[in-house]
Amino acid sequence: MFMQKRIIYGIDIARGSPRARELPRYALAILRDGEISHFSMLRRQKIFNMIQRDRPEIIAVDNIFELAADRNELLSLMERLPDGVKLVQVTGGLHPEPLVRIARKHGISLDPENPNDEAEACARLADLGVGHEVSLFEDITKIKVSRARSLGRGGWSQNRYRRKVHGAVLQRSREIENILKDLSREKGIRFEAVNVKGFGGYVRSEFTVYAKRGEVPVHSMASNDAQVSVRSVERDKIRYVPLKPRSQKRKFTIVGLDPGTTVGIAILSLDGDLLYLKSFRGIAPDEVVKIIAEYGKPAVIASDVTPMPGSVEKIRRSFNAVPASPGIEVSAEEKIALGKTFGYSNDHERDALTAALLTYRSYKNIFTRIEKKAPENSDLELIKLHVIRGESIESAIEKVRAASQAREKPAGARTAPEKPEEKAVDESFQRMRETVQRQGEQIQNLQEYVEELKQAMAAKDRKISKLESRLKGFKKEAYSEIRKSKEVQIRDSTIESLKKELSNKNKTVKELRRRSNKLRKIQKMEIRGEGTPVKVIAAFTKESIAETKEKYGLKAGDVVFLEKPSGGGAATAQILVEARVRAVIIPEDISHAAEETFFKGDVPVLRDIQLERADDFAMAEPEALKAAIATWEKEAELKRHKAKEDKLESLFEEYRSERRRGLI
């Protein structure tokens, strides 16, 4: 069977910079199953053409911003990468180390002045599992189905054309929905759909799929009538995910869990690197255990609440891990601050990450002391595990050393007994040799560090010199400008004030002209007998009545229309009664108190009157208005007559009652 070779691209900048005008050139090292091939002075586009052809597993660099000038450009480049291709920064994540130092740690020699050497070192380090994958996208994919062309202004066949286009969008949306339903059944991937209906189909459809773009079998496309756009959702911040080292034993981890319907999982290494962060809805406990086991052996399983929930406790027991929780309630602000550096997609991921980070912080100082006290080539992770489980640092170091010596000694081997003097000399010599070796490495590390500090200091001195020179120039220019700026400021202030005054006056004139034109139009229509003018009051409130009175006047004999008659009472109605309006038109019922006030003030309240609206004015047909007023007056007369009869009847009843009681 033909086996595909593992391909890794190592890239280092050879000349120029992405921020310069001239396009940069790069050195490229291609690692194919241990065999390296070099390419020099390539343009970035040429490298991306080769990536499309070879589809390497990893693109390794020592600094991601050697490929792009800024985040937006980097985002554009990563969108062009084929599915499954990882961009890896081998020097670390948020706090990178020099490439030379990391290469030396892993036995790789290089000339820092040679871009080909640096490109090869990047490829080989990535092959060993060194570095952090650069993640710019959430595990969310957006799919949008929309019209492929505008519907235009229309014509005789516009409806038929619209139905055809919307039908094409509907058909394409259903095809994609069926694909996503199959994906959900097979792999448990969730998705949500939002459809906007149109004439004969859909105007557009949007799908949110909770999976990486490479896991979604839908691609961008376009036809005559419908188009499909597929894109990943961008993260707020760049996330750096450590690579899994190859051919190494499983490491110990710190796991944070947020239980519930949606389970949040965060996994940290004992060095504080984020190995995994994700949330799942409706996931079974055994699936959670399987995910945790893929990333190492949990030394600690933590929750962000106290006491630890039962579901977390069960998972902890399955690994025999140490339990951890903060012991106090952690506020949302603290959780946001903790997780801000790493980035998270929802509250469940944030809470799981908080639990893991707080636990790591509680052990961080102890881990630092272990790293200082432990002998060279000790199994630091195992020592840390023993300390986490409650042993002292010295006891843990001794236990790991004893276990290591027992493994190194062949089974059943017999050695001649040593004399006490010889044994003491050998042990003393061994300790001296270890001390000399350790001190030699410390001296080398310190020399490297001093050299780095010198280079950094020289660079800062050059930068300070340039900035001081620029500052002198700025001071000279500023002194010259200050001398003449005061008068300019006074003039500018005066001009600005006059401009505002002129603008306000222009607005006032424009508004008065508009009102005048409206009034003139109404007067003309009234003179010609085309209709009876009606003034519109926006709401049955004192403020709206006052506003209409100020704008257009309110005089005796006016007919008014209450656009929103609800809310007004007797006091509000009395204002219109005192204005001696001819009639009040309403589209719906008013309060009993207001209607009674209008009745007492002899102001007709009319319903179901047809009006021709024009902004704040309306026109009523004169004859219809007169007939409605006459009808109201007849009803009012009957009501008054009935009221008089009721009053007389009441007086008679009172009289009879007093006679019966012998009061009269």
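Owing to the predicted nature of the structure, the values given are computational and were not obtained by experimental measurement.

Colleague: In this structure, what is going on with the overall build of the protein chain? I would like to understand it.
Modeller: In terms of helices and strands, the protein chain carries 16 helices and 21 strands. A burial count over the protein chain gives 36% of its 664 residues as buried. When the accessible surface of the protein chain is summed, it comes to about 41,800 Å², and 51% of that surface belongs to carbon and sulfur atoms.

Colleague: What exactly am I supposed to notice about empty space enclosed by the protein here?
Modeller: Tallied over the full model, the rule gives 1 cavity of 30 Å³ or more. What the largest cavity holds in volume is close to 50 Å³. Those elements giving two or more residues to the lining of the largest cavity turn out to be helix 1 (44-54) and helix 2 (71-79). Looking at the lining of the largest cavity, its residues break down into 9 nonpolar, no polar and no charged.

Colleague: How should the confidence of the model for the protein chain be read in this particular structure?
Modeller: Note: predicted coordinates in regions of low pLDDT should not be interpreted at a detailed level. Confidence along the protein chain averages 84 in pLDDT terms, with 89% of residues attaining 70 or more. Least confident of the elements in the protein chain is strand 20 (residues 611-614), whose mean pLDDT is 75; most confident is strand 4 (residues 58-61), at 94.

Colleague: Looking at this structure, how should I read the packing of helix 6 (residues 285-294) against helix 7 (residues 310-319)?
Modeller: Working note: a packed helix pair is described by the angle between its axes plus the distance between those axes. Contact pair helix 6 / helix 7: the axes reach a minimum separation of 11 Å and the direction vectors enclose 50 degrees. Viewed along their axes, helix 6 and helix 7 adopt a mutual orientation that is oblique. Crossing geometry of helix 6 relative to helix 7 is assigned as right-handed. From helix 6, Val288, Val289, Ile292 and Ala293 reach across to helix 7, where they touch Ile315, Ser318 and Phe319. For the contact of helix 6 with helix 7, the per-class residue count stands at 6 nonpolar, 1 polar and no charged.

Colleague: I keep staring at the side chain of Asp225 and nothing clicks. Help me out?
Modeller: Relative to the elements of secondary structure, Asp225 occurs in the loop between strand 9 (221-222) and strand 10 (226-242). Filtering out sequence-adjacent residues up to four positions away, Asp225 remains in contact with Ser146, Arg147, Ala148, Arg149, Lys164, Val165 and Ala168.

Colleague: How should I be thinking about a nonpolar patch on the surface in this particular structure?
Modeller: Taken together, the side chains of Leu648, Leu651 and Phe652 define a hydrophobic patch exposed on the protein surface, amounting to about 310 Å² of accessible area. Along the chain, Phe652 turns up in helix 16 (residues 622-660).

Colleague: I tried to follow the packing of aromatic side chains on my own but got confused; where do I start?
Modeller: Given two aromatic rings, their pairing is described by the distance between the two centres and the angle made by the two planes. Tallied over the full model, the rule gives 4 aromatic pairs. Relative to Tyr295, the ring of Tyr276 lies with its centre 4.9 Å away and its plane at 40 degrees, an arrangement referred to as tilted. Note that Tyr276 is positioned in strand 13 (residues 274-281) and Tyr295 in the loop between helix 6 and strand 14 (297-302), a separation of 19 residues in sequence. Here a set of aromatic residues connected by ring pairs shows up, and it is made of Tyr360, Tyr363 and Phe367. A cation over an aromatic ring shows up here: Lys384 above the ring of Phe367, its NZ or CZ 5.0 Å from the ring centre. Above the face of the Phe599 ring, Lys639 is positioned so that its terminal group lies 4.4 Å from the ring centre.

Colleague: Mind showing me how you'd approach the packing of helix 8 (residues 332-339) against helix 9 (residues 347-373) here?
Modeller: Two numbers describe how helix 8 lies on helix 9: the axes approach to 9 Å, and their chain directions differ by 75 degrees. For the element pair helix 8 / helix 9, the angle class is roughly perpendicular. In contact with Ala332, Lys335, Ile336, Leu338 and Gly339 of helix 8, helix 9 contributes Arg350, Asp351, Leu353, Thr354, Leu357, Leu358 and Arg361. Grouping the amino acids of the contact of helix 8 with helix 9 by side-chain chemistry returns 6 nonpolar, 2 polar and 4 charged.

Colleague: Is there a simple way to think about the nonpolar core in this case?
Modeller: Generally speaking, soluble globular proteins have nonpolar side chains that are buried together. Judged by nonpolar contacts, the single largest core of 35 residues is most densely connected at Val534, Leu576, Val584, Ile585, Phe598, Leu606 and Leu611. Secondary-structure elements contributing two or more residues to this core are strand 16 (532-537), strand 17 (559-562), helix 14 (570-578), strand 18 (583-585), helix 15 (592-600), strand 19 (605-606), strand 21 (617-620) and helix 16. Discounting residues that sit within four places of it in the chain, Phe598 has contacts with Phe540, Ala573, Leu576, Val577, Val584, Ile590, Val603 and Val605. Of all hydrophobic cores here, the second largest spans 32 residues; its members include Ala299, Leu338, Ile393 and Val400.

Colleague: Can you help me understand the sheet that holds strand 14 in this one?
Modeller: Each strand in a sheet pairs with another by means of backbone hydrogen bonds, the pair being arranged parallel or else antiparallel. Spatial strand order, 13-12-11-14-15: 5 strands in an open sheet with mixed pairing. Single-partner strands in this sheet number two, and they are strand 13 and strand 15 (322-324). If you compare each strand with its neighbour and ignore which way they point, the axes differ by 25 degrees on average. Strand direction decides the pairing type here: strand 11 (residues 252-258) and strand 14, joined by 5 bridges, are parallel. Each residue of the ladder has a partner; that of Ile254, found in strand 14, is Val300. Each of strand 11, strand 14 and strand 15 is contacted by helix 7, which is oriented at about 155 degrees to strand 14, the strand it contacts most.

Colleague: Please clarify how the pattern of salt bridges should be interpreted in this entry.
Modeller: Pairing is possible between side chains of opposite charge, provided their charged atoms come close. All chains considered together, the criterion is met by 38 salt bridges. In this structure, Lys278 and Asp139 form a salt bridge, with 3.6 Å as the shortest nitrogen-oxygen distance. A residue pair is termed long-range when its members are at least 10 positions apart, and Lys278 in strand 13 and Asp139 in strand 6 (residues 132-147) qualify at 139 residues. Given a relative accessible area of 21%, Asp139 falls into the partly exposed group. Notably, a salt bridge pairs Lys505 with Glu501, separated by 3.4 Å at the nearest N-O pair. Of this pair, Lys505 and Glu501 are both found in helix 12 (residues 420-527), 4 residues apart, which corresponds to roughly one turn of the helix. What makes Glu501 partly exposed here is its relative accessible area of 39%. Salt bridges linked by common partners bring Asp304, Lys335, Asp347, Arg350 and Asp351 together as one network.

Colleague: Would you mind showing me how to read unusual backbone geometry here?
Modeller: Leaving glycine out, the prevailing phi sign among residues is negative, and the prevailing peptide bond configuration is trans. At the junction of Thr306 and Pro307, the peptide bond is cis and its omega measures out at 0 degrees in the coordinates. Here Pro307 lies in the loop between strand 14 and helix 7. Phi at Asn320 takes a positive value of approximately 55 degrees, unusual for a residue other than glycine. Its place among the elements puts Asn320 in the loop between helix 7 and strand 15. Of note in the backbone geometry, Asp608 takes a positive phi value of approximately 55 degrees without being a glycine. Positionally, Asp608 belongs in the loop between strand 19 and strand 20. Judged by its relative accessible area of 77%, Asp608 falls in the exposed class.

Colleague: What am I meant to see in helix 16 here?
Modeller: An ideal rise of 1.5 Å per residue puts 57 Å on 39 residues; helix 16 measures up with 57 Å between its terminal C-alpha atoms. Next to the buried residues of helix 16 lie strand 16, strand 17, strand 18, helix 15, strand 19 and strand 21. With a side-chain oxygen positioned 3.3 Å from the backbone nitrogen of Glu623, the residue opening helix 16 is Glu621. Looking one or two residues beyond helix 16, the residue adopting positive phi is Gly662, at roughly 75 degrees.

Colleague: When you look at the environment of Ser591 in this model, what are you seeing that I'm missing?
Modeller: Summarising the element assignment, Ser591 is placed in the loop between strand 18 and helix 15. Look at Ser591 and you get partly exposed, because its relative accessible area is 29%. Spatially, the C-alpha atoms of Ser591 and Ala570 are 8.5 Å apart, while their sequence positions differ by 21 residues. Excluding residues that lie within four positions of it along the chain, Ser591 makes contacts with Gly568 and Gly569.

Reading the values: rules and limits
Along every chain, residues carry numbers that run from 1 in the direction the sequence is written. Selection of residues for local features in this predicted model requires a pLDDT of at least 70, selection of side-chain atom pairs for listing and counting requires 80 or more, and totals for whole chains, interfaces and linings are taken over all residues. Neither water nor hydrogens contribute to the side-chain values; these are computed over all heavy atoms in the structure. Labels follow the DSSP assignment, with helices taken as runs of H or I lasting at least four residues and strands as runs of E lasting at least two, numbered in each case from the N terminus. In this scheme, a residue with accessible area under 20% of its type's maximum is buried, one over 50% is exposed, and one in between is partly exposed, where area comes from a 1.4 Å probe on protein chains only. Residue burial considers only the protein chains on display, and all accessible areas are found by Shrake-Rupley using a 1.4 Å probe. Here a cavity is any set of points on a 1 Å grid over the protein atoms alone where a 1.4 Å probe fits but cannot get out, and a pocket is any open set with protein on both sides within 12 Å along at least 5 of 7 lines; a residue lines the site when it has an atom within 4 Å of a point. Grid points are joined across faces, edges and corners, and a volume is the space filled by probe spheres set on the points. Charged residues are taken to be Asp, Glu, Lys and Arg, nonpolar residues to be Ala, Val, Leu, Ile, Met, Phe, Trp, Tyr, Cys and Pro, and polar residues to be all remaining types, Gly included. Summary of the metric used: pLDDT quantifies the predictor's per-residue confidence within the range 0 to 100. Throughout, an axis means a line fitted to C-alpha atoms (over the contacting stretch in the case of helices), and angles, computed between N-to-C directions, take values from 0 to 180 degrees. Orientation is classified from the angle alone, with under 35 degrees giving roughly parallel, over 145 giving roughly antiparallel, 65 to 115 giving roughly perpendicular, and any other angle giving oblique. Helix crossings are classified by the rotation of the near helix relative to the far one: an anticlockwise turn of less than a right angle makes the crossing left-handed, while a clockwise turn makes it right-handed. The contact criterion used is simple: two residues touch if any of their non-hydrogen atoms lie within 4.5 Å. Two joining distances apply to patches: 9 Å for like charges and 5 Å for nonpolar side chains (Val, Leu, Ile, Met, Phe, Trp, Tyr), and every residue must have over 30% relative accessible area and no salt bridge. Here, a salt bridge means any side-chain nitrogen of Lys or Arg that lies within 4 Å of a carboxyl oxygen of Asp or Glu. Pairs were defined over the aromatic rings of Phe, Tyr and Trp, the Trp ring being its six-membered one, requiring ring centres within 6.5 Å. Orientation was assigned from the angle between planes: stacked under 30 degrees, edge-to-face over 60, tilted for the rest. A positively charged side chain is recorded as over a ring if its NZ (Lys) or CZ (Arg) lies within 6 Å of the ring centre. The angle to the ring normal must also be within 35 degrees. Residues belong to one nonpolar core when they are buried, are Ala, Val, Leu, Ile, Met, Phe, Trp, Tyr or Cys, and are joined through side-chain atoms within 4.5 Å. Any two strands with at least two DSSP-identified bridges between them are counted as paired. What a helix is expected to span follows from its residue count: subtract one and scale by 1.5 Å. Here a polar contact is recorded for every N or O atom pair within 3.5 Å, except that within protein the pair must consist of a potential hydrogen donor and a potential acceptor, and residues adjacent in sequence are included only if both atoms are side-chain atoms.

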